[in-house]
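Spelled out, the chains give:
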Amino acid sequence: MFRKRRGERRDTGVTPETALRDRVVLGHTLLGHGRAGEAEQVLAEALPLVTTVGAHPNAFLTLRLLGQCARTAGRLDQARGYYSRALDVAEALGDPDLAGAAVSGMAYVELAADDLSRADGYFRQAVQLVRTVTPGPGRVTVLRNYADLLVRTGDLRAAAFYQEALDQPGVDPVDRAGMLVTLGRELCRRGRTAAGLDRLRAGVTLLTEAGPPGETFTALVTLAGLAAESEPATATDAFVRAHDLALTLHATVDVRHYTEGYAARVRRVEAETQRRADAGELPAVAPPAVIEATRGLGPDAARTVAVGAPAMIGARSLEDGERLLAEHRYDESDAKLRMAEVMWASLGAGHVLPQVWSAQGRLALARGDDEAAWTLLDHARGQAAALGDARTERSVLVALCELLGAGAEPRPPAGEVPRALRLLDLGARARGLASFLGEDAPVSPDAAAAAVTLDTATAALCERFGAFDLAERYLRAAIETAEQAPAVSSATGVARLVAYLARRGGGADVAALRERLVAEPSTDPLVRTAVDGVVGRIDAAAGNWSDATFERLAAACAAYEEVRAQPGGFGPGPVPEPPYEAAAEVAVRLGRYTEALALLERAEVPAVPEPGTGVRVVAFGGSCGAYALTAASGGPVTGDVLAANVPWSEEGVCAALAAVVDAASARGGAVAVTVVGALYGLPVQRTADGSARPGVSVLPRVSPLPTATVPPVAHRSGLVAVDPLDELPFARVAADHAAGRLGVGTLGGAAFTVERLAAELASASSPVVHLACRVVADGRRPERSALVLAGGERATAARLAAMRWDGALVVLSPGEAGGVPAVLVSAVLAAGATAVVAPARPVDGLAAAVLTTWFHDALPDRVTNAAEVDTALLAAQQRLRAATGDDLLTWAADRPVLRADQLGAITERADQEHPFADPGHWARWATYGTR
């Protein structure tokens, strides 16, 4: 009974130290290959050896690696025990380097437990330990780990610890590159963009020379995203290099994973389903009639029905859901797809569920719920990739690229990369899978449509980042693909190419392409929108101010409205830009002023055809100038050219528009001014000396707005909701001040949902509402513009309009997160608000916080109309414009809630004599509403 098991050796001659070393090497190797379970088993079996050898570096490594395994498995108490024993070994060895590593491990356990305070304490202890020894890799690792934590907590000290790590001798080039990239992002987050981009460039250079291609790609994407605004040439170069590298990285796929591996995984899934059926473990999800029919049958028949009925219902429901989605019958499609998910999930059919989630994601995309679409599609992509289902993965990747190419996203926080850049990686993966599936030269309509969608989305991203040659290449590729598949129209692709070439100043083949479009008439309203719009714009830009040009552009607008009125609307794909302003420009040049105004009214959603009272002045920009239309009740519409050519001077257009407004005011009565399109946000409500224009209202839309008459309220209620995604630190400071002035609490974080906002408004009485959150502005589909609330939930114009805003005074303050689109302001005013104060374009976060703080200070307790609100805004604007650095420090001194990083940013800004003198900080704010 005491015989050794087969394979064991009675006397190997191996010392405990050698045996422990071998175990550590094997465990470390297994961890490096992602086989954590096997690694933990190997290392756990070495624990008796740890006791035997005592204080030894390999004993330390065994305990430290076991701590890592336990931590990643979620067994945090066990991880704490291992790291504590590792620290004991390090102290027995008298090695501060090892002690620092053990304490760092303890910090990571507390990070896993979301105890950032304890993690910070451990990291500080680790830093103190490693600073007592000769500089080396251990010190670099601890400093970098602590800096990573400080970035996570928004601590201003992160940059200093990264720099200290970089200053250590002998840092591995790849590690140095990684720290430079992270440090660059951190500096950009703090507003030190130039220094941040310098670090990013240095990191990219090192990675290009010696780094893994995947890390190089990530660094290039980061540089492209963060340099886009301040250094567009740098961004373009990084973008093109990242694009080319992505194609190289994903040119080939793991054939075995997508062939034999896929088949084997499907067999395992099906075998597990059959095992559960045999054991009676499958839930009874089949219709009651089917279940009843199986009673009395033998076990084999019952098991067959238990699997077959849900599978049949699931397959049919998925097929029906896809068909209904294509027919734009979204509610019915949703019901069918939910049924499919229930049926396949009951069977544990992991090989089919990614197809269901893909369809649900495309349904959400068609409905305009981009965040839900992203969540579903990304989940489906991950599962399909893990399974090895190449066809489903490729389909989902194309849908994700379509979302990234056509969807609108909030302006990312400082130091964050736009999500749209993920298209480079996802698109390259899709192309690699298409090659694997034999779809390089697609001939089937589905494959061709997918290729066109992918090329179109990629072209839009390339143009956004200045990669113009790439953009044109993809647009031409989309046309060539469509021409190979008769069922896929190439006219829309040609129209996109012509529009692109026109934006780029024309091209040798623009005239030929124009004639091709004219010679290929279509009955599809979406195609007519694109074709007539592009041809009309080309003719107008060439100075062809003719009735024929006007009629073509007007026809494109009518076709756009035809699509907009369809049950499915525009669907998930890219939407041609409707040429309302181009048509109105031609109409003004032809003296057809009434038709020009009607076109601008029709552009709005929903259009309000009823004429308003008083005088309306509408200003807009076209391809060749800027214009104003004046309409008085019962009188003719007149037109003025504010600028006869482009590019126009904003100052000159403002002055010309002011003259038109003053002339309208001279007639007597109220004047409402609306500035749309490219001119949106011009400060028309102010005179040349910065004072208010008496009797002039600023409205966000051309069509008249219904206005509610609300009696003055002596004691208004208040509602302050702020920063649901925890991305706008200065906005929170201003919101706390507003809440204090109003005597209310602050709604924020996960509680700031659409449902909660509606409930708070429903119970309020003529409230002062202060909302600070990110904004999505969708220029092609304005109805999808939204406030971004908790969890990425979007409060669209329709959802805002359904809330109770009666008598509300509303402050919308997204800060640097974006300007507030006119459609959102219109929705709130149309729902009964007295006035809305908002910036039309992005403004500095600190400037927005100071201005809104001073606005609330200037706001009287009793407000009856928009004019009184605008008086308070004007006072805040003038105060901000004249503020000195000392004034800013005084403002900060009254705000004890400011964090260290915020105080640092304020101190840097206060070095300027007048830190907010630039009109960009204050001039874009306006008070919307009838005075």
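Going by what an unreviewed UniProt entry lists, the chain is known as Tetratricopeptide repeat-containing protein and is assigned to Cryptosporangium aurantiacum.

So, on to the confidence of the model for the chain. Of the residues in the chain, 92% reach a pLDDT of 70 or more, and the chain-wide mean stands at 86. For the chain, helix α16 (residues 288-294) is the element with the lowest average pLDDT, namely 62, and helix α13 (residues 232-249) is the one with the highest, namely 96. pLDDT under 50 marks residues 1-11. Its contacts with residues more than four places away, or in other chains, come to one contact.

Attention now goes to the nonpolar core. If you look at the biggest cluster of nonpolar residues, it comprises 93 residues, and the most contacted ones within it are Phe-239, Trp-344, Leu-424, Val-498 and Leu-517. If you tally residues by element for this core, the top one is helix α21 (residues 390-406), at nine residues. Not counting residues up to four positions away in its chain, the partners in contact with Trp-344 are Ala-311, Gly-314, Ala-315, Ala-349, Val-352, Leu-353 and Val-356. Counting 60 residues, the second largest nonpolar core, distinct from the first, contains Val-50, Ala-59, Leu-66 and Ala-99.

Time to look at helix α5 (residues 76-93). For α5, spanning 18 residues, the distance from its first C-alpha to its last is 26 Å, which sits close to the expected 26 Å at 1.5 Å a residue. Of the positions making up α5, those classed as buried are Leu-76, Ala-79, Tyr-82, Tyr-83, Ala-86, Leu-87, Val-89 and Ala-90. Buried residues of α5, seen end-on, are gathered within an arc of 160 degrees and therefore sit on one face of the element. Exposed side chains of α5 directed beyond 90 degrees from the buried face belong to Asp-77, Glu-91 and Ala-92.

What follows concerns the sheet that holds strand β10 (residues 786-788). With antiparallel pairing, three strands are arranged side by side in an open sheet as β9-β10-β11. In this open sheet, the two edge strands, each paired with only one partner strand, are β9 (774-776) and β11 (794-796). The mean inter-strand angle of the sheet, taken between neighbouring strand axes irrespective of direction, is 30 degrees. Here β10 pairs with β11 via three bridges, running antiparallel. The residue of β11 that forms the bridge with Leu-787 is Ala-795.

A full pass over the atoms with the stated rule returns 51 salt bridges. Ionic pairing is found between Asp-198 and Arg-201, a salt bridge with its closest N-O pair at 2.7 Å. On the criterion of helical spacing, the pair formed by Asp-198 and Arg-201 is a turn pair, its members being three residues apart in helix α11 (residues 193-210). In this structure, the salt-bridge partner of Arg-201 is Glu-231, at a minimum N-O distance of 2.6 Å.

Packing of α21 against helix α23 (residues 445-464) brings their axes to within 9 Å, and their N-to-C directions diverge by 35 degrees. α23 is crossed by α21, and the crossing has left-handed handedness. Facing α21, whose interface residues are Arg-394, Val-398, Cys-401, Glu-402 and Gly-405, α23 presents Ala-447, Ala-450, Ala-451, Thr-453, Leu-454, Ala-457 and Ala-460. Among the residues making up the contact of α21 with α23, the classes are represented as eight nonpolar, two polar and two charged.

Bringing helix α29 (residues 580-589) into the picture now. The element α29 is extensively covered by neighbouring structure, given that eight of its ten residues are classed as buried. Within α29, the full set of buried residues consists of Tyr-580, Ala-582, Ala-583, Ala-584, Glu-585, Val-586, Ala-587 and Val-588. Check the buried side of α29 and you find it contacts α27 (525-541), α28 (547-565), α30 (593-602), β1 (615-621) and β2 (626-632). Directly beyond the C-terminal end of α29, a positive phi value near 80 degrees is found at Gly-591.

Strand order in this open sheet of five strands is β3-β2-β1-β4-β5, and the pairing throughout is mixed. Both outer strands of the open sheet, β3 (637-643) and β5 (696-698), are each paired with one neighbouring strand and no more. In this sheet, neighbouring strand axes are inclined to one another by 20 degrees on average, regardless of whether the strands run parallel or antiparallel. As judged from the six bridges shared by β2 and β3, these two strands associate in the antiparallel manner. When the bridges of β3 are listed, Ala-628 appears paired with Asp-640. Along the sheet face, α29 touches β1 and β2 and points at about 110 degrees away from the line of β1.

We now examine the domain arrangement of the chain. As far as domains go, the chain holds domain 1 (16-250), domain 2 (255-391), domain 3 (510-582), domain 4 (610-699) and domain 5 (713-928). A straight line from the C-alpha centre of domain 1 to that of domain 5 covers 40 Å. On the side of domain 5, five residues touch domain 1, which itself brings five residues to the contact. Buried surface at the junction of domain 1 and domain 5, summed over both partners, amounts to about 330 Å²; 49% is from carbon and sulfur atoms. If you sort the residues of domain 1 by the area they bury against domain 5, Gly-154, Leu-156 and Arg-190 come out on top, with a joint share of 75%. Joining domain 1 to domain 5, the criterion identifies zero salt bridges. In this assembly, domain 1 and domain 5 are joined by zero residue pairs in polar contact (both at pLDDT 80 or more).

What counts and how
- Residues numbered from 1 in each chain as written.
- Predicted model: local features only at pLDDT ≥ 70, side-chain atom pairs only at ≥ 80, totals over all residues.
- Heavy atoms only, no water.
- pLDDT = per-residue confidence, 0-100.
- Helix = DSSP H or I, 4+ residues; strand = E, 2+ residues; numbered from the N terminus.
- Contact = heavy atoms within 4.5 Å.
- Core = buried A, V, L, I, M, F, W, Y, C linked by side-chain atoms within 4.5 Å.
- Buried < 20%, exposed > 50% of the residue type's maximum accessible area, 1.4 Å probe, protein only.
- Expected span 1.5 Å × (residues − 1).
- Arc of directions from axis to C-beta.
- Pairing = 2+ DSSP bridges.
- Axes fitted to C-alpha atoms, helices over the stretch in contact; angles between N-to-C directions.
- Salt bridge = Lys/Arg side-chain N within 4 Å of Asp/Glu carboxyl O.
- Left-handed = near helix turned anticlockwise from the far one by under 90°.
- Nonpolar A, V, L, I, M, F, W, Y, C, P; charged D, E, K, R; others polar.
- Domains from an automatic or database assignment.
- Buried area = accessible area lost by both parts, 1.4 Å probe.
- Polar contact = N/O pair within 3.5 Å; in protein donor to acceptor, adjacent residues only side chain to side chain.

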